[in-house]
Amino acid sequence: MSYFYTYLISSLPSLQFGTKPPFSFKEFIIYCQRFIPDADIQILKKLSISGDYSTIVQATLKKWQDFDSTLRNELVKNRAQRMHIDPGRYLRKDRFPEAFITNIAITALRSSSILEAEKILDLARWQALDDFCFGHYFDLDFLIIYCLKLLILERWERINISDKKQVLEEALKVH
């Protein structure tokens, strides 16, 4: 069977941060099934914004996980400092040593609004995905990045249409 990455990717609408997703993640997966191998579909199906991709050997997912873990570590370090506790037990291994990530975390934590802080973090994630896309135009890496961006857009769509007070109360609940 021939695979049509070029056709599939050239037929996709562009995604812009802060806009409504053109379709759901599930609809996207169904659409992709006609054009790419099942092994690649299985990788796409496993995607989530904060997933663990240590079992998948794929360079773009490794970069994504390294970036996201480092960003989360910076948030942990800053929150722990404010609370005067040792962050050591909450940290994951930093694999993306970029100084700008510290600034992103500090900016988000200084925000007066939880929603605005989340927007700062997701915009940074979006920009990192844009950076990871360089050199990938008609391949699985492009589709992985597209899916992760689509998941970010879906998250914001749920936030935008939900009851803000209820979402805040659920986010503040201790599990």
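Residues numbered from 1 in each chain as written. Predicted model: local features only at pLDDT ≥ 70, side-chain atom pairs only at ≥ 80, totals over all residues. Heavy atoms only, no water.

K.L.:
Summarise a nonpolar patch on the surface; cite the residues concerned and give the values.
P.N.:
A contiguous nonpolar patch, built from Met83, Ile85 and Tyr90 and spanning about 310 Å² of accessible area, is present on the exposed surface. With respect to the secondary-structure elements, Met83 resides in helix 4 (residues 59-83). (Patch = residues over 30% accessible without salt bridge, like charges linked within 9 Å, V, L, I, M, F, W, Y side chains within 5 Å. Areas by Shrake-Rupley, 256 points an atom, 1.4 Å probe, with all protein chains shown as cover. Salt bridge = Lys/Arg side-chain N within 4 Å of Asp/Glu carboxyl O. Helix = DSSP H or I, 4+ residues; strand = E, 2+ residues; numbered from the N terminus.)

K.L.:
Before we move on, could you go through the pattern of salt bridges and cite the residues and values that matter?
P.N.:
Counted according to the given criterion, the structure contains eight salt bridges. Residues Asp66 and Lys62 are paired through a salt bridge, measuring 3.1 Å at the closest nitrogen-oxygen approach. Separated by four residues within a single helix, Asp66 and Lys62 lie in helix 4, roughly one turn from each other. Classification of Asp66 by relative accessible area gives buried; the value is 7%. For Lys62, a relative accessible area of 48% puts it in the partly exposed group. Measuring nitrogen to oxygen at the nearest pair gives 2.7 Å for the salt bridge that ties Arg72 to Asp68. A residue pair is termed a helical-turn pair when its members lie 3 or 4 positions apart in one helix, as Arg72 and Asp68 do in helix 4 at four residues. The exposure class of Arg72 is partly exposed, given its relative accessible area of 29%. Its relative accessible area of 4% is what places Asp68 among the buried residues. The network of salt bridges with common partners includes Asp68, Arg72, Glu118, Asp122, Arg125 and Arg155. (Buried < 20%, exposed > 50% of the residue type's maximum accessible area, 1.4 Å probe, protein only.)

K.L.:
A description of the nonpolar core should follow, citing residues and the corresponding values.
P.N.:
With 51 residues, the main nonpolar core has Phe28, Ile36, Leu44, Leu47 and Leu143 as its most contacted residues. For this core, the secondary structure elements donating two or more residues are helix 1 (5-10), helix 2 (25-32), helix 3 (38-45), helix 4, helix 5 (99-110), helix 6 (114-132) and helix 7 (140-161). If you tally residues by element for this core, the top one is helix 7, at 14 residues. If we ignore the near neighbours within four places in the chain, the residues touching Leu143 are Tyr5, Leu8, Ile9, Leu12, Phe28, Ile36 and Leu44. (Core = buried A, V, L, I, M, F, W, Y, C linked by side-chain atoms within 4.5 Å. Contact = heavy atoms within 4.5 Å.)

K.L.:
With reference to specific residues and values, describe the packing of helix 4 against helix 7.
P.N.:
When two helices pack together, you describe them by how their axes are tilted relative to each other and by the distance separating the axes. Across the interface, helix 4 lies against helix 7 with an axial gap of 9 Å and an inter-helix angle of 35 degrees. Across from Thr60, Leu61 and Trp64 in helix 4, the residues of helix 7 making contact are Asp141, Ile144, Ile145 and Leu148. Tallied by class, the residues present in the contact of helix 4 with helix 7 amount to five nonpolar, one polar and one charged. (Axes fitted to C-alpha atoms, helices over the stretch in contact; angles between N-to-C directions. Nonpolar A, V, L, I, M, F, W, Y, C, P; charged D, E, K, R; others polar.)

K.L.:
An account of the packing of aromatic side chains is requested, with residue identities and associated values reported.
P.N.:
All chains considered together, the criterion is met by eight aromatic pairs. With a centroid separation of 6.4 Å and 80 degrees between ring planes, the pair formed by Phe67 and Phe132 is classed as edge-to-face. In this pair, Phe67 is assigned in helix 4 and Phe132 in helix 6, connecting sequence segments 65 residues apart. There is no split in this pair, since Phe67 and Phe132 are both buried. Connected via pairs of aromatic rings, a cluster forms that spans Phe23, Phe28, Phe142 and Tyr146. A cation over an aromatic ring shows up here: Lys119 above the ring of Trp156, its NZ or CZ 5.5 Å from the ring centre. (Phe/Tyr/Trp six-rings, centres within 6.5 Å; stacked < 30°, edge-to-face > 60°. Lys NZ or Arg CZ within 6 Å of the ring centre and 35° of its normal.)

K.L.:
Now, about helix 5: what can you tell me, with residues and values included?
P.N.:
Over its 12 residues, helix 5 runs 17 Å from end to end, which matches the ideal 16 Å to within 8%, given 1.5 Å per residue. For helix 5, the set of buried residues is Ile101, Ile104, Ala105, Ala108 and Leu109. The buried residues of helix 5 all sit within an arc of 125 degrees when viewed along its axis, so they share a single face. For helix 5, the exposed residues lying more than 90 degrees away from the buried face are Ala99 and Arg110. (Expected span 1.5 Å × (residues − 1). Arc of directions from axis to C-beta.)

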